[in-house]
Amino acid sequence: MIHAYKLNGYNIILDVHSGGVHVVDDLFYDLTTSLTPPLGESCPQDVLDKLKATYLEEELKEAYEEILTLYKEGSLFSEDDYDKFQNLMTLSPVKAMCLHISHDCNLRCDYCFAGTGDYGNGRKNMPLEVGKKAIDYLIAKSENRRNLEVDFFGGEPLLNFDVVKEVVLYARSLEEKYNKKFRFTITTNGLLLTDDKIDFINEQMYNVVLSIDGRKEVNDRVRHRVDHSGCYEAIMPKFKKLVDKRGDGQYYVRGTFTKYNLDFAEDVLHLNRCGFDQISVEPVVSDPKYPYAITEADLPVIDAEYERLAKILIQRRKEGTGFNFFHFMLDLDQGPCAIKRLRGCGAGNEYVAITPDGDVYPCHQFVGHPEWKMGDVFTQSIDLEMKKKFAASTVYGKEDCRNCWAKFYCSGGCNANSQTYCGSILKPYHLSCELEKKRVECAIMIKAALADGTPVSAQKDCGSCGEEGCGVCGE
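Residues numbered from 1 in each chain as written. Predicted model: local features only at pLDDT ≥ 70, side-chain atom pairs only at ≥ 80, totals over all residues. Heavy atoms only, no water.

With that settled, the discussion passes to the overall build of the chain. Secondary structure summary: the chain contains 16 helices and 15 strands in total. Relative to its length of 475 residues, the chain is compact, with a C-alpha radius of gyration of 24 Å against a globular reference of 23 Å. With the C-alpha coordinates of the chain rotated into their principal frame, the extents come out at 75 × 50 × 45 Å. Evaluated residue by residue, the chain yields a buried proportion of 53% over its 475 residues. Of the roughly 20400 Å² of accessible surface on the chain, 48% is carried by carbon and sulfur atoms. Between the mean site of the 57 positive side-chain charges and the mean site of the 73 negative ones, the chain shows a separation of 5 Å. (Helix = DSSP H or I, 4+ residues; strand = E, 2+ residues; numbered from the N terminus. Rg over C-alpha atoms; globule rule 2.2 N^0.38 Å. Buried < 20%, exposed > 50% of the residue type's maximum accessible area, 1.4 Å probe, protein only. Areas by Shrake-Rupley, 256 points an atom, 1.4 Å probe, with all protein chains shown as cover. Lys, Arg positive; Asp, Glu negative; His and termini not counted. Charge placed at Lys NZ, Arg CZ, Asp CG, Glu CD.)

What follows is the structure, given as structure tokens:
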């Protein structure tokens, strides 16, 4: 399977199953897209007849020889050999946990999937006892995995920051005993940031996610306080201070764009001008009945904006003033292993969420839907049948994904969005699919524009993650 497209003056051919990316001239492009595998030793006469009005027959035959060489090498029209990984789609140790340290928030964002912080179950904070039990649960369910990840989430985690600190210290106290290494992340809206909180976060958190939507007028329209006043002026200086003091530590500012700001590239650029170089501005996912919702009618405008942003990033990087935009950060040279490409984020299998009451869910977006509860931290229980269902949720288990050219980049999309908007984790949400395809096309085009003449892509196989006891590749 190939995916061929033209963007920003580049003719790009993606070989889906090998991951090979070919940036070609018009003749090679037109000839390749006219061929149907399997390929024989000579170019089919009907193809020559079709194209010889535009190109010399001798040139077509020479190009065909190049195509045939790539075909035999397995980097063009390659066979789908991913079925060999299907028997590896089994239960895996849990490696990551989203800890709902607070089901409360000091903002009332219009588009909040969490019911403005309480997930529909009342405002509460996680007691320290539950936080410690959650760490015990992760240690037990991780089996022989050493590297573990915990994301302090909400609501707003800073509303329960004393418990955040105690949970971190508790986890650190167990690392040597159980041969574990914890990496912590915190997601915050920043309103309650103080110097002492910034210092603790920068000392203990491997990553920090800073929530802001971009320009003041954009941010304050949908991200407002309980009294409907804006938050931009209060949080921006605090975010700048945290990042300035963080040095080389990982972080990113994370925004959401809605129908109100389909010119979201301006928000990306605004955040960069404010001093941030790690930026994610993502499309809202919501019921189309809401005025801020993105619908399929908006896709042409959004596609054009992604293309505009891609061209800006190319120019900026050539000038030495580039920055990272999350959705264009595509590693074509050493991407995720085969299992990761087939199964994605690992929700419900390698990744779980814990509520303030100690209940276990497949991920943060399933919280609030009791039918998806899969255990609790007090009894260290987990619903193995549900876990198996998520372990088997791959691009080959989703009919709409199996023949999609972008399947190894989105890995089937978000299970929670599929369930919410399509009624099944095995039915991908079409709107999100179309947005992802455009982002991937732009990301590959950026690589083509910045390439130095070396091959653009080569994927890596399972077995190279380097994680001892990952439960998949066995390393």
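Taken in spatial order, the three strands of this open sheet run E1-E2-E3, and their pairing is antiparallel. Only two strands of the sheet have a single neighbouring strand rather than two, namely strand E1 (2–7) and strand E3 (21–24). Taking the axes of each pair of neighbouring strands and ignoring which way they run, one obtains an average angle of 20° across the sheet. Packing of helix H16 (residues 430–450) onto the sheet brings it into contact with E1, strand E2 (10–15) and E3, and relative to E1 it is tilted by some 70°. (Pairing = 2+ DSSP bridges. Axes fitted to C-alpha atoms, helices over the stretch in contact; angles between N-to-C directions. Contact = heavy atoms within 4.5 Å.)

Time to look at the packing of aromatic side chains. One pass over the full model with this rule turns up 16 aromatic pairs. Look at Phe-113 and Tyr-119: their rings are 6.0 Å apart centre to centre, the planes differ by 80°, and that puts the pair in the edge-to-face class. Relative accessible area serves as the criterion here: at 43%, Phe-113 is assigned to the partly exposed category. By relative accessible area, Tyr-119 is classed as buried at 7%. Ring plane angle 75° and centroid distance 6.4 Å describe the contact between Phe-257 and Tyr-306, whose orientation is recorded as edge-to-face. (Phe/Tyr/Trp six-rings, centres within 6.5 Å; stacked < 30°, edge-to-face > 60°.)

With that settled, consider the nonpolar core. Grouped together as the largest cluster of nonpolar side chains are 122 residues, with contacts concentrated most on Leu-99, Phe-152, Met-205, Phe-276 and Phe-328. The greatest single-element share of this core, amounting to ten residues, is contributed by H16. With residues near it in sequence (within four places) discarded, Phe-328 still touches Tyr-306, Leu-309, Ala-310, Leu-313, Arg-439, Cys-442, Ala-443 and Ile-446. In this structure, Leu-27, Leu-31, Val-47 and Leu-70 belong to the second largest nonpolar core, which totals 22 residues. (Core = buried A, V, L, I, M, F, W, Y, C linked by side-chain atoms within 4.5 Å.)

A word on the side chain of Thr-256. Take Thr-256: it is sitting in strand E10 (residues 252–257). A distance of 2.6 Å separates a polar atom in the side chain of Thr-256 from a polar atom in the side chain of Arg-254. Among all residues touching Thr-256, those that are not within four sequence positions of it are Tyr-111, Asp-213, Val-281, Glu-282, Pro-283 and Val-284. (Polar contact = N/O pair within 3.5 Å; in protein donor to acceptor, adjacent residues only side chain to side chain.)

Close contact between helix H6 (residues 195–204) and helix H8 (residues 232–246) brings their axes to 10 Å; oriented N to C, the two are set at 40°. It follows that H6 is oblique to H8 by the angle criterion. Here the hand of the crossing between H6 and H8 comes out right-handed. Where H6 abuts H8, its residues Asp-195, Ile-198, Asp-199, Ile-201 and Asn-202 lie against Lys-238, Lys-241, Leu-242, Lys-245 and Arg-246. Its residues placed into classes, the contact of H6 with H8 shows three nonpolar, one polar and six charged. (Parallel < 35°, antiparallel > 145°, perpendicular 65-115°, else oblique. Left-handed = near helix turned anticlockwise from the far one by under 90°. Nonpolar A, V, L, I, M, F, W, Y, C, P; charged D, E, K, R; others polar.)

With that settled, consider the sheet that holds strand E4 (residues 96–100). Pairing is mixed across the open sheet formed by ten strands, whose spatial order is E12-E11-E10-E9-E8-E7-E4-E13-E14-E15. Edge positions in the open sheet fall to strand E12 (324–325) and strand E15 (375–376), since each of these has one partner strand only. Pairing between strand E7 (residues 147–153) and strand E8 (residues 181–188): six bridges, direction parallel. Across the sheet, Leu-148 pairs through a bridge with Phe-182, a residue of E8.

Another aspect to go through is the pattern of salt bridges. Per the counting criterion, the structure on display carries 24 salt bridges. The salt bridge involving Lys-216 is made with Asp-220; its shortest N-O contact spans 3.2 Å. Remark: Asp-220 and Lys-216 occur in helix H7 (residues 216–222); sequence separation between them is four residues, near one turn of the helix. With a relative accessible area of 35%, Lys-216 lands in the partly exposed category. Exposure remark for Asp-220: the relative accessible area of 17% places this residue in the buried category. Notably, a salt bridge pairs Lys-438 with Glu-441, separated by 3.4 Å at the nearest N-O pair. In this pair, Lys-438 and Glu-441 both sit in helix H16, three residues apart, roughly one turn of the helix. Across the pair, Glu-441 and Lys-438 agree in class, each one buried. Look at the salt bridges and you will find they share partners, linking Arg-215, Asp-263 and Asp-267 into a network. (Salt bridge = Lys/Arg side-chain N within 4 Å of Asp/Glu carboxyl O.)

Look at any regular strand and the pattern is simple: side chains alternate between the two faces of the sheet. Extensive coverage of strand E11 (residues 278–283) is indicated by the burial of five of its six residues. Looking at chain direction, E10 and E11 are connected through five bridges and run parallel. Bridging from a neighbouring strand, Phe-257 pairs with Pro-283 of E11. For the handedness criterion, the β-α-β arrangement of E10, helix H9 (residues 265–273) and E11 is classed as right-handed. (Right-handed = clockwise from strand over helix to strand, strands pointing away.)

With respect to the helices, strands and loops of the structure, Ala-353 is situated in strand E13 (residues 351–354). The sequence separation of Ala-353 and Val-367 amounts to 14 residues, and the corresponding C-alpha distance is 7.6 Å. Excluding anything up to four places from it in sequence, Ala-353 contacts Cys-98, His-100, Asp-359, Val-360, Tyr-361, Pro-362, Cys-363, His-364 and Val-367.

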